[in-house]
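Listed below are the residues making up each chain.
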Amino acid sequence: MKKIKKIVALLIVFMPFIAVAQTDQQAKVFFDKTIAVLQNSSLQTDFSVTYENAVTNDSETKQGKLLLKGNKFYFLLETIELFFDGKTQWMYMKEVDEVSISEPTGNELSDVNPILMIKEFRKTHTVQFDADDVASSQNRLLNLYPFDKNADHFKVALVVKASTKQIVSIKISFKNGTSTLFSTKNYQTLKTLSDATFVFDKSKYPNVIINDLR
């Protein structure tokens, strides 16, 4: 009887930790399904990026467009266009009519594409449901925390549509008091998307200056 009481007591003590572990595992499973949808779908979305500084109370919002097919993407942010065909990246700057050609690393790609960024974060962050997340709600709330305590950010907050696993928003909170919020709108999953979409077509930019960095 004493042994049974001890086991029960231990279960009571460790129950919160067991529950948290189960919740974290559920969050990882949900996040992995979200990433799988991104990897296996062709999608198109308009988006806004808002940069905020809590110290100076400054904020700035820019509008853009993203097309994604596996590891290929087209990314438009105001006057800058990025094309990536899975190996080569073309960065076109409209203001100077110049395109830079490179073969970026995975980290370099995720720096400019927030959708690809969260794929990389799966390897380097813990994943948890937010305290305000409700399993039955239309959107699920996830928080990612970096393993590296020296990282420049302390949290990545994701809002994901529960039924389709579409990204609604990504917010990165930095230790210096700034944050970046990426919000999607007019999100569409496409049946087909030509690979030519992700290659810079020089014929459409007849006077472009080419800067080949490969």
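Calculation criteria
- Residues numbered from 1 in each chain as written.
- Predicted model: local features only at pLDDT ≥ 70, side-chain atom pairs only at ≥ 80, totals over all residues.
- Heavy atoms only, no water.
- pLDDT = per-residue confidence, 0-100.
- Contact = heavy atoms within 4.5 Å.
- Helix = DSSP H or I, 4+ residues; strand = E, 2+ residues; numbered from the N terminus.
- Core = buried A, V, L, I, M, F, W, Y, C linked by side-chain atoms within 4.5 Å.
- Buried < 20%, exposed > 50% of the residue type's maximum accessible area, 1.4 Å probe, protein only.
- Patch = residues over 30% accessible without salt bridge, like charges linked within 9 Å, V, L, I, M, F, W, Y side chains within 5 Å.
- Areas by Shrake-Rupley, 256 points an atom, 1.4 Å probe, with all protein chains shown as cover.
- Salt bridge = Lys/Arg side-chain N within 4 Å of Asp/Glu carboxyl O.
- Phe/Tyr/Trp six-rings, centres within 6.5 Å; stacked < 30°, edge-to-face > 60°.
- Lys NZ or Arg CZ within 6 Å of the ring centre and 35° of its normal.
- Pairing = 2+ DSSP bridges.
- Axes fitted to C-alpha atoms, helices over the stretch in contact; angles between N-to-C directions.

The subject of this paragraph is the confidence of the model for the protein. Summarising the model, the protein shows a mean pLDDT of 84, and 88% of its residues fall at 70 or more. This model gives residues 2–23 a pLDDT under 50, and the stretch forms 1 contact once residues within four places in sequence are excluded.

We now examine unusual backbone geometry. For residues besides glycine, phi is generally negative; the peptide bonds are generally trans as well. Of note, the phi angle at N57 is positive, near 65°, even though the residue is not glycine. With respect to the helices, strands and loops of the structure, N57 is situated in the loop between strand 1 (42–53) and strand 2 (58–69). Unlike most non-glycine residues, D97 shows phi in positive territory, near 50°. Relative to the helices and strands, D97 resides in the loop between strand 5 (89–93) and strand 6 (98–102).

Now for the nonpolar core. Core analysis: the largest hydrophobic core is formed by 33 residues, its most contacted members being F73, L142, L158 and I170. The next biggest cluster of nonpolar side chains, apart from the first, holds 12 residues, and it includes L67, F198, F200 and Y205.

Another aspect to go through is a nonpolar patch on the surface. The grouping of I80, M93 and V96 at the surface amounts to a nonpolar patch, some 230 Å² of accessible area in total. As for its placement among the helices and strands, M93 is situated in strand 5.

Attention now goes to the packing of aromatic side chains. Counting across every chain of the model gives 9 aromatic pairs. Taking NZ or CZ as reference, R140 lies 5.6 Å from the ring centre of F30, over its face. When the ring centre of F129 is taken as reference, the NZ or CZ atom of R140 above it lies at 4.1 Å.

Glancing now at the sheet that holds strand 9 (residues 153–161). Strand order in the open sheet formed by 12 strands is 7-8-9-10-11-1-2-3-4-5-6-12, and the pairing between neighbours is mixed. Edge strands, defined here as strands with exactly one partner in the open sheet, are strand 7 (125–129) and strand 12 (209–212). Neighbour-to-neighbour, the strand axes of this sheet turn through a mean angle of 15°, independent of strand direction. Sheet analysis places strand 4 (residues 80–84) next to strand 5, joined by 5 bridges and oriented antiparallel. Bridge pairing in strand 5 places F84 opposite Q89.

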